[in-house]
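Read off the chains here:
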Amino acid sequence: MRKLLLIGCAAVALGGSAVAVASQTPRNETFRMLELFGDVLGMVEQYYVVPVDNKKLIEAALQGMMGALDPHSNYMPPKSFDELRERTSGEYSGVGLTITAEGGLVKVVSPMDDSPAAREGVQAGDVISAIEGQSAAGLTVSEVSSKLRGAIGTSVKVTFLRDGEEPREVTLTRETIKVESVTGRLEGDFGYLRISTFNENTGRELTETIQRLQAEKPGIKGYVLDLRNNGGGLLTAAIDVSDAFLERGEIVSQRGRKPEQIERYSAKPGDLTGGLPVVVLINYGSASASEIVAGALKDQERGTVVGLTSFGKGSVQTVMPLRGGADGALSMTTARYYTPSGRSIQKIGIEPDLEVARSEAEAKIVSRSSFIYSEAAYSTALDSSIGEERRGAHTPREAPGADYDKTKDYQLERALDVLRAGGDLSRIAAAPATVVVTEPVAQTAETRAETPVDPDKVERPAATPEITPDNKPRQD
């Protein structure tokens, strides 16, 4: 009964909004523009050089209308809506890429762990410039997605562009992507927990992994929670992961258009780790749900954050099926996310307590504003709502030198150093001699992030809040 009531309330709310908008807009002007749309469609149908598919044209118009709102609001045709639901189930077919679009370019948010794309060295921030030798410029996320997908065992040639390097064509063989969202292993006296995405299974998998590590190492002394290159996922999964490390307190809040549209999510009693030290690893590929977890543990002083400032995707999209999904769905931005201290994630991201780049090349990316991959790079992105801006171009505090062993993970090593110090940054050992530190770039209004890095779903009655950049970011 409660679900039915909620569905009814949602329908009434949406209907009321439509009435309000109509009453505020001059009716004659609205009808005139709708008539203009019909006229243009008719002229295209009659005079265009080749026959056209009116359905495709109207779908494109809907996508254009939603895309004019912000980077993450969009219209999904029925096929795209079905794929969206498939991706959150934890298994799908493809090459293992999370992608998004900006300025006519489709970019990689992150490669899925142990996917065909990851094994070929594809990285967050890479631009897809061509598929099977045909330019990808101007293609939508859905169009690129359809080209990357295909029968298991078939291959697709994709050309990637990366800052400072020549174009690189790789052959990706499609396979079933079984998303094991949580993996774990022991690193000496500590547990290493890797979350690659937030899906329906993440909370259960995290609990099982922590219990397994505790059984393998009864005297375990702490945990590294690795959220690097995790582009987001289900809100419920982000809450479950945060709750696993918290005894009490707020995890995240979301605030809509009106002051009364506030939802708060809090932890339940019971810390699965027994209060042991936790270090959260993030980078500019950590978005949405990852930022909720990092922000909650940081603000609640439950974990130390190490790495690079996260992506800054702090807006809430609600998925609204159209005629039960028969006509697809709208994914519309309806709120912003805030950390427990009231800080907006949107366009700002989560700043680490200890800023560490994984490599010298990554440090150079952060030092050049035009190549920083973040939400702030979207020209149509929502503002943070609190008057703050993302930190501009600068040299990270730490980065390994050119002679550092590239088979090692420098950020993970520093995270373990923090754990050995019990989470007290004042007690960690000085950075190794391989660290390169140069003069930071002067920070001005022009040195803000200007070009990005950036899949999610909780079934809610009629409207489903989700958390990922999807132009939406897509897993393919």
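Per chain, the residues get numbers from 1 upward, laid out in the order the sequence is written. Only residues with pLDDT of at least 70 get local features here, since the model is predicted, and only at 80 or more are side-chain atom pairs given and counted; chain-wide, interface and lining totals rely on the full set of residues. As a rule here, side-chain values come from all non-hydrogen atoms in the structure, and water together with hydrogens is ignored.

Scanning the protein chain from terminus to terminus reveals 11 helices and 21 strands. Categorising residues by exposure relies on relative accessible area from a 1.4 Å probe, with only protein chains included: less than 20% of the type maximum marks a residue as buried, more than 50% marks it as exposed, and the intermediate range marks it as partly exposed. Counting the 476 residues in the protein chain, one finds 49% classified as buried. All accessibility values rest on the Shrake-Rupley procedure with a 1.4 Å probe; residue burial counts only the protein chains present in the view. When the accessible surface of the protein chain is totalled, it reaches about 21,700 Å², and 53% of it is carbon and sulfur. Segments assigned H or I by DSSP are reported as helices when at least four residues long, segments assigned E as strands when at least two residues long, and all are numbered from the N terminus.

Examined against the element boundaries, lysine 313 turns out to sit in the loop between β16 (304-307) and β17 (315-321). The class of lysine 313 is buried, set by a relative accessible area of 0%. Side chain to side chain, lysine 313 and glutamine 317 meet in a polar contact 2.3 Å long. Polar contact is defined as a pair of N or O atoms within 3.5 Å, subject to the rule that within protein one atom must be able to donate a hydrogen and the other to accept it, and that residues adjacent in sequence are counted only when both atoms are side-chain atoms.

Okay, the side chain of threonine 333 next. Mapped onto the elements of the fold, threonine 333 is located in strand β18 (residues 329-338). Polar contacts involving the side chain of threonine 333 include one to the side chain of glutamine 317, which spans 2.7 Å. Setting aside its immediate chain neighbours within four residues, threonine 333 contacts Asp70, His72, Ser73, Ser315, Val316, Gln317 and Leu382. Throughout, a residue-residue contact means that at least one pair of heavy atoms, one from each residue, lies within 4.5 Å.

On to the pattern of salt bridges. Whenever a carboxyl oxygen of Asp or Glu lies within 4 Å of a side-chain nitrogen of Lys or Arg, that contact is scored as a salt bridge. Enumeration over the complete set of coordinates arrives at 26 salt bridges. Here arginine 397 ties to glutamate 398 by a salt bridge, and the two come within 3.8 Å at their closest N and O atoms. Its relative accessible area of 3% is what places glutamate 398 among the buried residues. One salt bridge connects arginine 414 with glutamate 398, and the closest N-O pair in it is separated by 2.8 Å. Residue arginine 414 is located in helix α11 (residues 410-420), and its partner glutamate 398 is located in the loop between α10 (360-367) and α11; the two are separated by 16 residues in the primary sequence. Like glutamate 398, arginine 414 is buried. When salt bridges with common partners are traced through the structure, they connect Arg194, Asp226, Arg228, Arg358 and Asp409 into a single cluster.

This part takes up the confidence of the model for the protein chain. Confidence per residue, as judged by the predictor, is encoded in pLDDT with a range of 0 to 100. Considering every residue of the protein chain, the mean pLDDT works out to 83; 83% of them sit at 70 or more. Ignoring residues within four places in sequence, the model shows residues 438-474, a span with pLDDT below 50, making 177 contacts including any to other chains.

What follows covers the packing of helix α2 (residues 27-47) against helix α3 (residues 54-67). Lines are fitted to the C-alpha atoms to define the axes, a helix being fitted only along its stretch in contact, and any angle between axes, read from their N-to-C directions, falls within 0 to 180 degrees. Two elements in contact, α2 and α3, have axes whose closest approach is 11 Å; the angle formed by their N-to-C orientations is 140 degrees. It follows that α2 is oblique to α3 by the angle criterion. Of the two possible hands of crossing, α2 and α3 adopt the one that is right-handed. Seen from α2, the contacting residues are Phe37, Leu41, Val44 and Glu45; seen from α3, they are Asn54, Leu57, Ile58 and Ala61. Side-chain classes are defined by residue name, with Ala, Val, Leu, Ile, Met, Phe, Trp, Tyr, Cys and Pro counting as nonpolar, Asp, Glu, Lys and Arg as charged, and the others, Gly among them, as polar. Of the residues assigned to the contact of α2 with α3, the class counts are six nonpolar, one polar and one charged. By definition in this entry, angles of less than 35 degrees are roughly parallel, angles greater than 145 are roughly antiparallel, angles of 65 to 115 are roughly perpendicular, and the rest are oblique. What makes a crossing left-handed is the near helix being turned counterclockwise from the far one by less than a right angle; a clockwise turn instead makes it right-handed.

Where helix α8 (residues 235-245) meets helix α9 (residues 289-299), the closest approach of the two axes is 9 Å, and the angle between their N-to-C directions is 25 degrees. If you check the angle between α8 and α9, you find them roughly parallel. Two packed elements cross with a definite hand, and for α8 against α9 that hand is right-handed. Note on element contacts: α9 touches α8 through Ala289, Ile292, Val293, Ala296 and Leu297, opposite Leu235, Ala238, Val241, Ser242 and Phe245. Residue classes in the contact of α8 with α9 are distributed as nine nonpolar, one polar and no charged.

Attention now goes to the pairing of β18. For a regular strand, side-chain orientation follows a simple rule: the groups alternate between the two sheet faces. In terms of burial, β18 is a largely internal element, seven of the 10 residues being buried. One bridge is not enough; two strands pair if DSSP finds at least two bridges between them. Judged from the three bridges that link them, strand β1 (residues 74-76) and β18 form a sheet pairing that is antiparallel. The residue of β18 that forms the bridge with tyrosine 75 is leucine 330. Note that strand β13 (residues 250-255) and β18 share three bridges and pair antiparallel. Looking at β18, one finds that serine 253 is bridged to tyrosine 338. In terms of strand pairing, β17 meets β18 through seven bridges, oriented antiparallel. Paired with threonine 318 across the bridge in β18 is methionine 332.

Before going further, it helps to examine a nonpolar patch on the surface. Grouping into patches uses exposed residues only, defined as over 30% relative accessible area, and leaves out salt-bridged ones; the cut-off is 9 Å for like charges and 5 Å for nonpolar side chains (Val, Leu, Ile, Met, Phe, Trp, Tyr). Together, Met33, Leu36 and Val40 make up a nonpolar patch on the protein surface, roughly 230 Å² of accessible area in all. Here valine 40 lies in helix α2.

Two elements, β13 and strand β14 (residues 262-266), share five bridges in a ladder whose sense is antiparallel. Within β14, the residue paired with valine 252 across the bridge is tyrosine 265.

Attention shifts here to the nonpolar core. Put simply, a nonpolar core is a bunch of buried Ala, Val, Leu, Ile, Met, Phe, Trp, Tyr and Cys residues held in one set by side-chain atoms that sit within 4.5 Å of each other. Residues Phe198, Leu225, Phe245 and Val280 are the most contacted members of the largest nonpolar core, which totals 39 residues. Looking at this core, the elements that each hand over two or more residues are β11 (190-195), α7 (202-216), β12 (223-226), α8, β13, β15 (278-282), α9 and β18. Tallying contributions element by element places α8 first for this core, with seven residues. Among residues more than four places away in sequence, those in contact with valine 280 are Leu225, Leu227, Ala294, Leu297, Thr304, Val305 and Val306. In terms of nonpolar packing, the next biggest core, distinct from the first, is built from 19 residues, Ile99, Ala101, Val108 and Ala117 among them.

Below, the discussion takes up the environment of glycine 219. Position of glycine 219 relative to the elements: it lies in the loop between α7 and β12. Residue classification places glycine 219 among the partly exposed residues on the basis of a relative accessible area of 46%. In sequence terms glycine 219 and phenylalanine 190 are 29 residues apart; their C-alpha atoms lie 9.0 Å from each other.

The pairing test for Phe, Tyr and Trp rings, Trp by its six-membered ring, is centres within 6.5 Å, and the orientation test on the planes gives stacked under 30 degrees, edge-to-face over 60, and tilted for anything in between. Scanning the model with the defined rule gives two aromatic pairs in all. A ring pair is formed by tyrosine 404 and tyrosine 410, whose centres lie 5.5 Å apart and whose planes are at 85 degrees; its orientation type is edge-to-face. For tyrosine 410, a relative accessible area of 0% gives the class buried. Just above the ring of tyrosine 192 sits the side chain of arginine 185; from NZ or CZ to the centre is 4.1 Å. Over the aromatic face of tyrosine 338 sits the side chain of arginine 255, whose NZ or CZ is 4.0 Å from the ring centroid. Comment: the charge-over-ring label is applied if NZ (Lys) or CZ (Arg) is within 6 Å of the ring centre and within 35 degrees of the ring normal.

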